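Take a look at the letters that make up each chain.
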Amino acid sequence: MGDIRRVTFCPHCGNKAPQKLIHSQYFEDTGWDTKEGTPIDDIPGSYFVAVCETCNQILLYGKFGEYPEDESIEFRGADLLWPDQSKLHKSVPKVVADIYDEAIRIKSHAPNAFAVQIRRSLEAICEDKGAKQGSLQKRLKDLANKGEIPPVLAETTDVLRILGNLGAHAANQSVKPWQVYTIDSFFRTFIEYVYVAPSKLAEFRASLKDFHSKLEDEDQA
């Protein structure tokens, strides 16, 4: 078989570019049935290492739960695992996730625009969480006063707000390329606290409830 490629977005260079498959690794692993509380053996999975033909950097893809049949099809349908630039968690409101998805595509080559998009994401979060109307600074402070975000996160969001303003309005200053990584890290931490952690906790509690219900049914049988 000849070279296998997929044309898709590369988070390293921010381009939609051909990515060449250079290594495939197939394996079987053990997982857990969260409802039954029992192990599941021999779960198939595949890792694919690719190189972006625009920037020559490495990407790691994965596909799990299916036995590979056609390497080309499996690679093109696999999910990006590294760099960790995937879409936000399913618990994040669509409007916020869509704005972030636009932001991540310009992160590498448009720092000012990236910072502005993150600022827009914060505004969307304030709207979703019912913050009082006003400037973004006042709305974020309102969320902190309500306990939606802790003081430390309130400080990080203030940094994001300021950098967003810098990217949008400053005539003689701009967001530096190295600052986008800090902006992204702060924003994802904020998202994790506000949406992801509560969602995962709810899912875990639901799985525990199902597990205990099953145990009670077995005891009564």
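Residue positions are given per chain, counting from 1 as you read along its sequence in written order. It should be noted that, the model being predicted, local features are given only for residues of pLDDT at least 70 and side-chain atom pairs only at 80 or more, the latter also being counted only at that level, while totals for whole chains, interfaces and linings use all residues. Side-chain calculation: all heavy atoms of the structure are included, whereas hydrogens and water are not.

Caption draft 1: Layout of unusual backbone geometry. Residue Pro83 is bonded to the preceding Trp82 through a cis peptide linkage, with omega at -5°. Comment: elements are numbered from the N terminus, with helices defined as DSSP H or I runs of at least four residues and strands as E runs of at least two. Relative to the helices and strands, Pro83 resides in the loop between strand 5 (79-82) and helix 2 (94-106). Here the phi dihedral of Asp42 falls at roughly 60°; this positive angle occurs in a residue that is not glycine. Tracing the chain through its elements places Asp42 in strand 3 (residues 38-52). Given a relative accessible area of 46%, Asp42 falls into the partly exposed group. A positive phi angle is found at Asn56, which is not glycine, with a value near 65°. The topology assignment puts Asn56 in the loop between strand 3 and strand 4 (58-64). Three labels apply to residues, based on accessible area from a 1.4 Å probe with only protein chains included: buried if under 20% of the type maximum, exposed if over 50%, partly exposed otherwise in between.

Caption draft 2: Inspection of the side chain of Arg139 at higher detail. Checked against the element boundaries, Arg139 lands in helix 4 (residues 136-145). The buried category is assigned to Arg139, whose relative accessible area is 8%. Counted as a polar contact is a pair of N or O atoms within 3.5 Å, where, for protein atoms, one must be capable of donating a hydrogen and the other of accepting one, and residues adjacent in sequence contribute only when both atoms are in side chains. Within the structure, Arg139 has its side chain in polar contact with the backbone oxygen of Ala131 (distance 3.0 Å). Setting aside chain neighbours within four positions, we find Arg139 in contact with Glu123, Cys126, Glu127, Ala131, Lys132, Gln133 and Gly134. In what follows, residue pairs with any heavy atoms lying within 4.5 Å of each other are defined as contacts.

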